[in-house]
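# Residue-level structural notes
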Amino acid sequence: MPEPPARATWFPLRAAAAAALAAALAGGLATGMAGCSKFDAALGQRWATVNFKPDTSIATLLEVRAACSHIPNVRVQALPRKQTPATMIYALTYRTDNASDANLAQLQQCLTRFPSVAGIQFGDTGDAG
């Protein structure tokens, strides 16, 4: 019957396996932490979506967008690549993550000057869809 390997032979294998397991756990923890920070960042997102009357032209929407894009802490979002009346009717969105109540009031005041604006929907990531 062959003799079992010496204890010193088994220890490096166990140490290597333990080190690999520790590295995998650390990698998983780092990935999980990065995922949490992205999730936390997403939780702080707020926006205002402008709703237009159905007969609003793209030119009018762009005019409203330009006129109300100067408000502090309010960032207008990119428009869709394909700009048709169907894609543009809900395309005007402002990110308001850092906007104060006064900033939001300024945005609302600016938008309501335009008869083509049917309404403004304020939302955040805590809203139930």
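Relevant structure appears above.
In what follows, the accompanying structure is described. (Residues numbered from 1 in each chain as written. Predicted model: local features only at pLDDT ≥ 70, side-chain atom pairs only at ≥ 80, totals over all residues. Heavy atoms only, no water.)

Here Pro85 shows up in helix α3 (residues 85–88). Between the alpha carbons of Pro85 and Ile58 there is a distance of 6.5 Å; along the sequence they are 27 residues apart. (Helix = DSSP H or I, 4+ residues; strand = E, 2+ residues; numbered from the N terminus.)

The subject of this paragraph is the state of the cysteines. Under the definition given, this model contains 1 disulfide. Note that Cys68 is cross-linked by a disulfide to Cys110, the S-S spacing being 2.0 Å. The disulfide joining Cys68 to Cys110 has a torsion of about -90° about its S-S bond and is therefore left-handed. Taken together, the positions of Cys68 in the loop between α2 (58–67) and β2 (75–76) and Cys110 in helix α4 (residues 101–111) put the pair 42 residues apart, joining distant regions of the chain. (Disulfide = S-S within 2.5 Å.)

As summarised here, the arrangement of the 4 strands in space is β2-β3-β1-β4, forming an open sheet in which the pairing is antiparallel. This sheet does not close on itself; its edge strands, each paired only once, are β2 and β4 (117–124). Inspection of the sheet shows β2 paired to strand β3 (residues 93–95) by 2 bridges, in the antiparallel sense. Among the inter-strand pairings, Val76 is bridged to a residue of β3, identified as Tyr94. The strands touched by α4 within the sheet are β1 (46–52), β3 and β4, with β4 carrying the most contacts at an inclination of about 160°. (Pairing = 2+ DSSP bridges. Contact = heavy atoms within 4.5 Å. Axes fitted to C-alpha atoms, helices over the stretch in contact; angles between N-to-C directions.)

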